[in-house]
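# Reading the structure
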Amino acid sequence: MLRVPQTKWAASVVNAVRSKSTTARATTGDEYQYLQRSKIPMLHFQPSLPRLPIPELEKTCARYLAAQQPLLSPEAFQRTTEAVKQFSETDGPKLQTLLKEFDAKNKHTSYISEPWFDMYLRDRIPLPLNYNPLMMMNPDPRPEYNDQLLRTTNLVISSLRFMRSLRAKILEPEVFHMNPAKSDTSLFRTVTSLMPSRISTYVAYTFKAFPLDMSQYQGLFGGTRIPELGKDRIYRNDSSRHVLVLRKGNMYAVDVLDGAGNIEQPATLYARFKHILSDTKPPAANPLGLLTTENRDTWATERTHLTKLGSNTKSFELVDSALFCLCLDESSITPDNPIPAIREFLFGDGTNRWFDKSFSLIVAKDGTAGINFEHSWGDGVAVLRYFQEIFKETTTAPFAHPGLQGANDPSNAAIVPIEFTLDDRAKSAIRTAENNHNTVIDSLDMNYMKYDGINKNVCKKQRISPDSVMQLGFQLAYYKQHGSFVATYESCSTAAFRHGRTETMRPCTLATRAFCEAIERRNAPKSPSELREMMNQCSTVHGQLTKDAAMGQGFDRHLFGLRHTAQQNGLPLPALYQDPAYAAINYNVLSTSTLSSPALLAGGFGPVVKDGYGIGYNIQDGYLGSVVTSYKPHRNGSEFVECLRAAYDDITKVLIASGPTPKEK
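Computed from a prediction, not measured in an experiment: that's the story for all the values here. (Residues numbered from 1 in each chain as written. Predicted model: local features only at pLDDT ≥ 70, side-chain atom pairs only at ≥ 80, totals over all residues. Heavy atoms only, no water.)

## Focus: unusual backbone geometry
Note the cut-off: Elements are defined by DSSP. Helices are runs of H or I of four residues or more, strands are runs of E of two residues or more, and each kind is numbered from the N terminus.
In this model, Lys632 is joined to Pro633 through a cis peptide bond whose omega is 0°. Turning to its location among the elements, Pro633 is positioned in the loop between strand 18 (624–631) and helix 24 (637–658). Positive phi outside glycine occurs at Leu129, with the angle close to 75°. Along the chain, Leu129 turns up in the loop between helix 6 (113–122) and strand 1 (134–137). Within the chain, Lys208 stands out as a residue other than glycine whose phi angle is a positive 60°. Within the secondary structure, Lys208 is located in the loop between helix 10 (197–206) and strand 3 (209–211).

Dropping the structure here:
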């Protein structure tokens, strides 16, 4: 999960949903086969996207020290300052030169792309909780469309329409519009489409519209992360016609495209998914998907063993080449307590998942839907775009409607059960994986907080950044609980650059520390106006840090790149990286990420360290919400959420007591 610009249709989709159209749509020709036919070629802006900048070494050092200062004692900060000074004068300039030389030789990409992919694929820890995030979709506003079979059919059709538009390169380019009323227009599309690709991005800037990198989109469909010893690899297949379907741990390859590569008719797909949902086969005795929850080297070793048995190699090919994974679950969501459903979608018991697939579309018994995706191939920008597009279409203009009758398919040749030959070793490995996974998930605590006192409208009236308010709440909550400040991670997309990935925004600042200490200082309280001024300062600093990160001017990725450069060139590791403060700031006790979308019911991920909190949050028109994960007994998640609610109570009091800002009076 990460901070990404909200896509252009986010406001309009709400109105579209209200229309609740049930008009039958054509299922012949291109009208059915493609989701979009963009006036601007999909990759039109790609050649002119600016390259991710390598920050100046001096600025990176200054930003690093600014992020360290609120976390360190004066003595420790002095030691870190000396380490940074030495780095800036000795090792740093040499590494900076080498990094720039590498960057100059690879102008087709960014300096961070290759080492970042490498970092993901070399990590040996299990994917669920550690890497794979969850996005849970809002229900269809029409209850009759939340039938599991009907919603599955519609979500798959819209997914395939998105995929076909993507592969035909007629999907709308991803563009962040600063002022949609002026740039999300026919004029913008006409002008930019007529411009040569080499300058089109800069023309878009004149409309205050910012094209985003789309290089990761190719990883959405037909991809799987293959476990291998030491380093995994990404496998992709562009010619497959089937999806991998899991139900009760049983696996099926279901054709969803015909022999010509066209999307099958709604009635045909409805019948095929109905066949699986009606299958009386008992739950799998040895669900192989459990092995995808294991340590990557362990899984690599067992997978190699499995390929030597029976026709397992062919079975693996059906799994790996599938367009995506479709998980038909038996669970349901309780609106007043979404935690059990969120847990199920984020990791479940592992029996009905294949966590290695690029993404899994999950549809529960009551029609609740979500996406669980593997993170190495890409970030949230591509997944969120796909997520929003299929939500919009299925809730406003679906192709399958109540009363649909499935088409007869007497041969059922399009549905192939995927069977694996298992020996005693393989069965034992599955049992071990199950025990290991259960041990981890049993120790995971998950808490959900919905706070009605603050929302987007309140922040707008108070002329304060909603994200800064939410992040200030996390700092204050932790301070209330522990009386200290810790390394905090907020992910920010750098998709405005060619092959940009993410940058870290550091929300714990001297400004947030001062506010937290002031509001908790009961013996010498600050006045509401003083506290409000401190909040404004927090928001100002937060806004600048966010802007810096989005423009590739953070310090985390730059320092990562310099360290990687030293390792690649066989150079000694500079003292800065051996300073305990460097390890501490990268030990992110508070790991946070937000997505803003009317399609999103909730998002979540696991803590990145054993004694940390994973905080997926969003602020809506009517409330703000957070899903907080932690490991027992290392952290008390329910207590943190109580402190979080108290923190927002304190922040609300400051906003109310200070009244509207002068510009609002």
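And the narrative resumes.
## Quick word on the domain arrangement of the protein chain
Heads up, the rule is: As used throughout, domain bounds are those supplied by an automatic or database domain assignment. Contacts are residue-level and defined by heavy atoms, with any inter-residue pair within 4.5 Å sufficient. Here the buried area means the combined drop in accessible surface, using a 1.4 Å probe, for two parts upon being joined, counting both sides. A pair is scored as a salt bridge if a Lys or Arg side-chain nitrogen falls within 4 Å of a carboxyl oxygen belonging to Asp or Glu. Under the rule applied, a polar contact is a pair of N or O atoms within 3.5 Å (in protein, one hydrogen donor and one hydrogen acceptor; residues adjacent in sequence only if both atoms are side-chain atoms).
Per the domain assignment, the segments making up the protein chain are domain 1 (57–121 + 452–658) and domain 2 (135–172 + 217–443). The gap between the C-alpha centroids of domain 1 and domain 2 is 34 Å. Each partner contributes residues to the interface: domain 1 has 23 residues there, and domain 2 has 25 residues. For the pairing of domain 1 and domain 2, the buried interface totals around 2,100 Å² over both sides, and the portion due to carbon and sulfur atoms is 61%. Among the residues domain 1 hides against domain 2, the three largest losses belong to Leu121, Ala599 and Leu601. Together they make up 31% of the total. Applying the counting criterion to the domain 1 and domain 2 interface returns 2 salt bridges. For Asp118, the salt bridge is made with Lys231, and the minimal N-O distance between the two is 2.8 Å. Across the domain 1-domain 2 interface, the total number found is 12 residue pairs in polar contact (both at pLDDT 80 or more). Where the side of domain 1 that touches domain 2 is concerned, the elements lending two or more residues are helix 6, strand 16 (600–604) and strand 18.

## Looking at the UniProt feature "active site" (unreviewed entry) in the protein chain
Applied cut-off: UniProt positions are given in the numbering used here, feature names are shortened, and annotations may be inferred rather than shown by experiment. Per-residue accessibility, obtained with a 1.4 Å probe over protein chains only, is compared with the maximum for each type, and a residue is labelled buried under 20%, exposed over 50%, and partly exposed between these values.
Annotation from UniProt places "active site" (unreviewed entry) at His375. Looking at where His375 falls in the secondary structure, it is placed in the loop between strand 10 (369–373) and helix 15 (380–396). Given a relative accessible area of 10%, His375 falls into the buried group.

## Points about the side chain of Arg506
In this fold, Arg506 is placed in the loop between strand 14 (502–505) and helix 19 (510–519). When its relative accessible area of 7% is taken as the criterion, Arg506 is described as buried. At 3.3 Å, the side chain of Arg506 forms a polar contact with the backbone oxygen of Thr488. Among the polar contacts made by the side chain of Arg506, one reaches the main-chain carbonyl oxygen of Ile585 at a distance of 2.9 Å. In this structure Arg506 touches Ala67, Ala487, Thr488, Tyr489, Leu545, Phe555, Asp556, Ile585, Asn586 and Asn588, once residues within four positions along its chain are discounted.

## Re the pairing of strand 7 (residues 250–255)
Quick reminder of the rule: By definition, two strands form a pair when at least two bridges between them are found by DSSP.
Among the 6 residues in strand 7, 5 count as buried, and that is most of the element. Looking at chain direction, strand 6 (residues 242–247) and strand 7 are connected through 6 bridges and run antiparallel. Bridge pairing links Val245 to Tyr252 in strand 7. The turn linking strand 6 back onto strand 7 is made up of 2 residues, and Lys248 within it adopts a positive phi angle of 55°. In the sheet, strand 7 pairs with strand 11 (residues 415–417) via 3 bridges, with the strands oriented antiparallel. The residue of strand 11 that forms the bridge with Ala253 is Val416.

## Topic: the packing of aromatic side chains
For clarity, the cut-off: Between 30 and 60 degrees the pair is tilted, below 30 it is stacked and above 60 it is edge-to-face, where a pair is any two Phe, Tyr or Trp rings, Trp via its six-membered ring, whose centres lie within 6.5 Å. Sitting over a ring, as applied to charges here, requires NZ of Lys or CZ of Arg to be within 6 Å of the ring centre and within 35 degrees of the ring normal.
Per the counting criterion, the structure on display carries 25 aromatic pairs. Measuring from ring centre to ring centre gives 6.3 Å for Phe162 and Phe221, while their planes differ by 45°; the resulting arrangement is tilted. Taken together, the residues span a long stretch of sequence, with Phe162 in helix 7 (residues 148–167) and Phe221 in the loop between strand 3 and strand 4 (223–226) at a distance of 59 residues. The burial state of Phe162 is the same as that of Phe221; both residues are buried. For the ring pair Phe221 and Tyr386, a centre distance of 5.9 Å and an interplane angle of 90° mean the geometry is edge-to-face. Taken together, the positions of Phe221 in the loop between strand 3 and strand 4 and Tyr386 in helix 15 put the pair 165 residues apart, joining distant regions of the chain. As far as burial versus exposure is concerned, Phe221 and Tyr386 are alike and both buried. Clustering of aromatic rings is evident, with ring pairs tying together Tyr64, Phe87, Phe555, Tyr577 and Tyr582. Over the aromatic face of Tyr34 sits the side chain of Arg37, whose NZ or CZ is 5.3 Å from the ring centroid.

## Description of the sheet that holds strand 1
To be explicit about the condition: All axes here are fitted lines through C-alpha atoms, helices being fitted over the stretch that makes contact, and every angle between N-to-C directions spans 0 to 180 degrees.
The strand order across the open sheet formed by 8 strands is 11-7-6-8-9-10-1-16, and the pairing between neighbours is mixed. The sheet is open, and its two edges are formed by strand 11 and strand 16, each paired on a single side. Between one strand axis and the next, the sheet turns by 20° as a mean value, whatever way the strands run. Pairing between strand 8 (residues 325–328) and strand 9 (residues 359–363): 4 bridges, direction parallel. Its bridge partner being in strand 9, Leu326 is matched across the sheet by Leu361. Against the sheet, helix 14 (residues 339–346) contacts strand 1, strand 9, strand 10 and strand 16, and its axis sits at roughly 130° relative to strand 1.

## Focus: helix 21 (residues 556–568)
Residues spaced three or four apart along an α-helix point in a common direction, a consequence of the helix completing one turn every 3.6 residues. Cut-off, in case you're wondering: Expected span of a helix, by definition, is 1.5 Å for each gap between consecutive residues, and there is one gap fewer than residues.
Look at helix 21: 18 Å from first C-alpha to last across 13 residues, which is about the 18 Å you get at 1.5 Å a residue. Those residues of helix 21 lying buried are Asp556, Arg557, His558, Leu559, Gly561, Leu562, His564, Thr565 and Ala566. Of the residues one or two after helix 21, Gly570 is the one with positive phi, at around 65°.

## What to know about the pattern of salt bridges
Throughout the structure, instances matching the rule amount to 35 salt bridges. A salt bridge links Arg37 to Asp30; its shortest N-O distance comes to 2.9 Å. Accessibility expressed as a relative area gives 54% for Arg37, which makes it exposed. Its salt-bridge partner being Arg506, residue Asp556 comes within 2.7 Å of it at the nearest N-O pair. Pair noted here: Asp556 is in helix 21 and Arg506 is in the loop between strand 14 and helix 19, with a separation of 50 residues, a long-range link. With relative accessibility at 8%, the residue Asp556 sits in the buried group.

## Focus on the nonpolar core
Within soluble globular proteins, side chains that are nonpolar tend to cluster in buried spots. Operational definition: Among buried residues, the Ala, Val, Leu, Ile, Met, Phe, Trp, Tyr and Cys ones that are joined through side-chain atoms within 4.5 Å form a nonpolar core.
Ranked by size, the top nonpolar core spans 91 residues in total, and within it Leu220, Phe324 and Leu361 carry the most contacts. Among the elements that line this core, the one with the most residues is helix 7, at 9 residues. Those residues in contact with Leu220, other than ones at most four positions away along the chain, are Phe162, Leu323, Ser358, Phe359, Trp377, Ala382, Val383 and Tyr386. If you look at the next biggest cluster of nonpolar residues, it comprises 42 residues, including Ile464, Ala511, Val628 and Tyr648.

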